[in-house]
Amino acid sequence: MVGVTADSSQAAQLSSAKNPMIKYMLKQRENHARDQDADYSHVFRRKTRFELFRLSAIAMAIEFAYAAETSFVSPILLQIGIDHKHMTMAWGLSPLIGFFVSPLLGSISDRCKLRWGRRRPIISLLSLGILCGLVLVPYGKDLGVWLGDVGYNYTSTAAGQEHGLDTTPSVVPEEEEGAWPVNFKFAAILTILGMVLLDFDADTCQTPARTYLLDMCVPEEQPKALTMFTLFAGFGGTIGYAIGGIDWETTHIGAFLGGNIPTVFSLVTIIFVVCYLITVTTFREIPLQLIENDELLRPLSEAAIKKELKKNNNAIYYIQEMQMADDLKAANNAMQSYQNSYLPSITAKSKLQDVETQSEAEPPVSLSAYLKSIFIMPYSMRMLALTNLFCWMGHVTYCLYFTDFVGEAVFHGNPTAPPNSPALLLYEEGVRFGCWGMSIYAFSCSIYSLSVTKLMKWFGTKAVYISGMIYYGVGMLILGLWPTKWGVLVFSTSAGILYGTLFTMPFILVANYHAKNCFSVRNGETVPLKQARGLGTDVAIISSMVFIAQLIVSVSVGPLVAWMETTCAILYASTFLSFTAAIAAMFVLYV
């Protein structure tokens, strides 16, 4: 995504694609990287469309897994006898772990010294956790029976209520006889364990995946790469939710695999493994030890450009194809402009000032300094984190409980009704219909990601950021007041726009802060930040807001639904939180 500057003509003149100095420096690094024991020249050249596709495939894989999780985990937990209050509290386990672990993993990723690289080991570790979750969630009930669960062993509503279960159907008369979910002790433990693994790892894996993408791309193409990443994430969600909307029990593959839920998770698991392998085999990373010891293997940064400017040896910047007098004059003009300005705004979306990319005279930043940067943030980072927190709270409220809302409020079903009862069948139909709504939400996210660059050029980053939150709040409010099938499909687009905003805007701003070392502006002038901060750590901090959001939502949504006695409370909460996020976004620093 390309930001907007006050002088667009200057930004165009200083573009790294045209400036001979930057072109020379990238070519110098590319040739030097090619001469190493392993060829790392790909880090300093532009990528083909197919290579960007491979780098972004992991985003699609993560969204496939996330789609299966958000569509079916809540219904699965309700169907094994866990009521709304305890079901929402179960969702709080993952963010409780993720809030503390995710930033630490970001710091470890920045300083990982394995020869395989810094990002891919973390991606692989988290992908293993996702695979475990994809197995435990759909088969937790079967494994529980194998371990000794009795399962459906009561034949009346009264018996279920006697054991503290939520057995009040929305449609089925209260006295209806049937088997109620009572003894699913091991199933509940295994399913919740799978949910924690799947949820935590899917959320956390996006950070090293996104950073790996930025590491492999030159500054000028990183906005395009981020757009591709978001596009593939939306595409993965679209197909993932659509898979959940199909009634697989009526198909041969569904009958073979054991029903809807096992079929969905089996297909998602296969797709996830394929996409993971596509991404991690795309490019080798430059090991951290080489980056620290060899300046020419570091990403091109503003500090490196300033260092070259101080040499006053302009002749080295004129590469072979720029020998004519007019080209020399243009090159001199470009270099003079560099001495009086920042890097072009397009580089603000890139990883240009990671701790490892500092000038040769600066010592490596210690792990303690990294950990300090997690808890001590400049005001700009705090406001951005707060805005992202409210955004995620509004989005998570929709995402985790939307299919349950459709099953109960729109289709008037009951997840705890007896097996094969009309109320349970209505609920399951509603869950599948909710999957189609969420498929539209993911598709709208993809479409929005294609247009957000132009919107930012036309209206500015601030206007686009805030308007996405307001549109989402209005859509959720209307759907909550009038819960209808058409509303589920139409207003799910607002969730897609908010998710597209969450997936891009905060990271563009963070990269902008790092690219220009601009975390504070006073009287119209940049105040340099003395504290050493790593891009991987700051991206992880912003990403970790999803864990805090999910933790708060998980302990508050259950009591809220019980108090209002309707699952429409989920959408009212989303509306309030999105409007609060829009207010906080007014105080974010837009460089």
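How each quantity is defined
- Residues numbered from 1 in each chain as written.
- Predicted model: local features only at pLDDT ≥ 70, side-chain atom pairs only at ≥ 80, totals over all residues.
- Heavy atoms only, no water.
- Helix = DSSP H or I, 4+ residues; strand = E, 2+ residues; numbered from the N terminus.
- Buried < 20%, exposed > 50% of the residue type's maximum accessible area, 1.4 Å probe, protein only.
- Contact = heavy atoms within 4.5 Å.
- Areas by Shrake-Rupley, 256 points an atom, 1.4 Å probe, with all protein chains shown as cover.
- Salt bridge = Lys/Arg side-chain N within 4 Å of Asp/Glu carboxyl O.
- Axes fitted to C-alpha atoms, helices over the stretch in contact; angles between N-to-C directions.
- Parallel < 35°, antiparallel > 145°, perpendicular 65-115°, else oblique.
- Left-handed = near helix turned anticlockwise from the far one by under 90°.
- Nonpolar A, V, L, I, M, F, W, Y, C, P; charged D, E, K, R; others polar.
- Core = buried A, V, L, I, M, F, W, Y, C linked by side-chain atoms within 4.5 Å.
- 1 Å grid on protein atoms, 1.4 Å probe; cavity = no way out; pocket = protein on both sides within 12 Å on 5 of 7 lines; lining within 4 Å.
- Points joined across faces, edges and corners; volume = space filled by probe spheres on them.
- pLDDT = per-residue confidence, 0-100.
- Polar contact = N/O pair within 3.5 Å; in protein donor to acceptor, adjacent residues only side chain to side chain.
- Expected span 1.5 Å × (residues − 1).
- Phe/Tyr/Trp six-rings, centres within 6.5 Å; stacked < 30°, edge-to-face > 60°.
- Lys NZ or Arg CZ within 6 Å of the ring centre and 35° of its normal.

### A short note on the overall build of the protein chain
Turning to step 1, where the next piece is worked out: Each helix and strand in the protein chain was counted, giving 23 helices and four strands.
Turning to step 2, where the next piece is worked out: Relative to its full complement of 591 residues, the protein chain shows a buried share of 61%.
Turning to step 3, where the next piece is worked out: Sequence separation of at least 24 residues holds for 83% of the intrachain contacts in the protein chain that already meet a minimum separation of 6.
Turning to step 4, where the next piece is worked out: Summing over all exposed atoms, the protein chain offers an accessible surface of approximately 23200 Å²; the carbon and sulfur share of this is 64%.

### Concerning the pattern of salt bridges
Turning to step 1, where the next piece is worked out: Counted under the stated rule, the structure contains five salt bridges.
Turning to step 2, where the next piece is worked out: Here glutamate 51 makes a salt bridge to arginine 45, at a shortest N to O gap of 3.0 Å.
Turning to step 3, where the next piece is worked out: Residues joined by salt bridges that share partners form a network here, namely Arg118, Arg119 and Asp215.

### Side note on the packing of helix α9 (residues 222–245) against helix α17 (residues 422–459)
Turning to step 1, where the next piece is worked out: Where α9 contacts α17, the two axes come as close as 7 Å, and the packing angle between them is 165 degrees. Viewed along their axes, α9 and α17 adopt a mutual orientation that is roughly antiparallel. Once α9 is placed against α17, the crossing between them reads as left-handed.
Turning to step 2, where the next piece is worked out: Each residue belonging to the contact of α9 with α17 can be placed in one class, and the counts come to twelve nonpolar, eleven polar and one charged.

### What to know about the nonpolar core
Turning to step 1, where the next piece is worked out: Core analysis: the biggest nonpolar cluster contains 148 residues, and Leu77, Tyr398, Phe405 and Tyr441 have the highest contact counts within it.
Turning to step 2, where the next piece is worked out: Other than its neighbours up to four places away in sequence, tyrosine 398 contacts Gly437, Met438, Tyr441, Tyr472, Met476, Ser492, Ala495 and Ser574.

### Considering empty space enclosed by the protein
Regions of empty space are outlined by a rolling probe, equal in size to a water molecule, passed over the atoms.
Turning to step 1, where the next piece is worked out: One pass over the structure, following the stated rule, counts ten cavities of 30 Å³ or more.
Turning to step 2, where the next piece is worked out: Around the largest cavity sit eleven residues that line it, and Val43, Arg118, Asp215, Met216 and Ile291 are the ones nearest its centre.
Turning to step 3, where the next piece is worked out: Of the residues assigned to the lining of the largest cavity, the class counts are seven nonpolar, no polar and four charged.

### Side note on the layout of surface pockets
Turning to step 1, where the next piece is worked out: What the largest pocket holds in volume is close to 720 Å³.
Turning to step 2, where the next piece is worked out: Of all the secondary structure elements, the ones that give two or more residues to the lining of the largest pocket are α3 (49–79), α6 (120–147), α11 (260–280) and α17.
Turning to step 3, where the next piece is worked out: Looking at the lining of the largest pocket, its residues break down into 13 nonpolar, six polar and six charged.

### Regarding the confidence of the model for the protein chain
Turning to step 1, where the next piece is worked out: For the protein chain, the mean per-residue pLDDT works out to 75, and 75% of the residues sit at or above 70.
Turning to step 2, where the next piece is worked out: Scored below 50 in pLDDT, residues 1–16 shows 45 contacts in the model against residues more than four places distant or in partner chains.
Turning to step 3, where the next piece is worked out: Under a pLDDT of 50 for its full length, residues 154–181 has, in the predicted model, 61 contacts with residues more than four places off or in other chains.

### Quick look at the side chain of glutamate 51
Turning to step 1, where the next piece is worked out: As for its position among the elements, glutamate 51 is in helix α3.
Turning to step 2, where the next piece is worked out: Of the residues examined, glutamate 51 reaches a relative accessible area of 15% and is grouped as buried.
Turning to step 3, where the next piece is worked out: At 3.0 Å, the side chain of glutamate 51 forms a polar contact with the side chain of arginine 45.
Turning to step 4, where the next piece is worked out: For glutamate 51, the residues in contact, after removing those within four places along its chain, are Arg45, Arg46, Thr282 and Phe283.

### Quick look at helix α18 (residues 461–481)
Turning to step 1, where the next piece is worked out: Relative to the 30 Å expected for 21 residues at 1.5 Å per residue, α18 spans 31 Å between its end C-alpha atoms, a close match to the ideal helical length.
Turning to step 2, where the next piece is worked out: Among the residues of α18, those classed as buried are Thr461, Val464, Tyr465, Ile466, Gly468, Met469, Tyr472, Gly473, Gly475, Met476, Leu479 and Gly480.

### Considering the packing of aromatic side chains
Turning to step 1, where the next piece is worked out: Here the structure, examined in full by the defined rule, presents twelve aromatic pairs.
Turning to step 2, where the next piece is worked out: Measuring from ring centre to ring centre gives 6.4 Å for tryptophan 458 and phenylalanine 459, while their planes differ by 90 degrees; the resulting arrangement is edge-to-face.
Turning to step 3, where the next piece is worked out: Residue class for tryptophan 458 comes out exposed when judged on its relative accessible area of 62%.
Turning to step 4, where the next piece is worked out: Classification of phenylalanine 459 as exposed rests on a relative accessible area of 56%.
Turning to step 5, where the next piece is worked out: An angle of 50 degrees between the planes, with centres 5.9 Å apart, marks the rings of tryptophan 486 and phenylalanine 491 as tilted.
Turning to step 6, where the next piece is worked out: Since its relative accessible area comes to 14%, phenylalanine 491 is described here as buried.
Turning to step 7, where the next piece is worked out: Here a set of aromatic residues connected by ring pairs shows up, and it is made of Tyr241, Trp392, Tyr398, Phe402, Phe405, Tyr441 and Tyr499.
Turning to step 8, where the next piece is worked out: It is lysine 47 that lies over the ring of phenylalanine 283; its NZ or CZ is 5.6 Å from the centre.
Turning to step 9, where the next piece is worked out: One residue, arginine 210, lies across the ring of phenylalanine 507, its end atom 3.9 Å from the ring centre.

### Topic: the packing of α17 against α18
Turning to step 1, where the next piece is worked out: Close contact between α17 and α18 brings their axes to 7 Å; oriented N to C, the two are set at 130 degrees. In this view, α17 runs oblique relative to α18, as classed from their interaxial angle. Between α17 and α18, the residues in contact are Tyr448, Val452, Leu455, Met456 and Phe459 and Thr461, Ala463 and Val464, respectively.
Turning to step 2, where the next piece is worked out: Grouping the amino acids of the contact of α17 with α18 by side-chain chemistry returns seven nonpolar, one polar and no charged.

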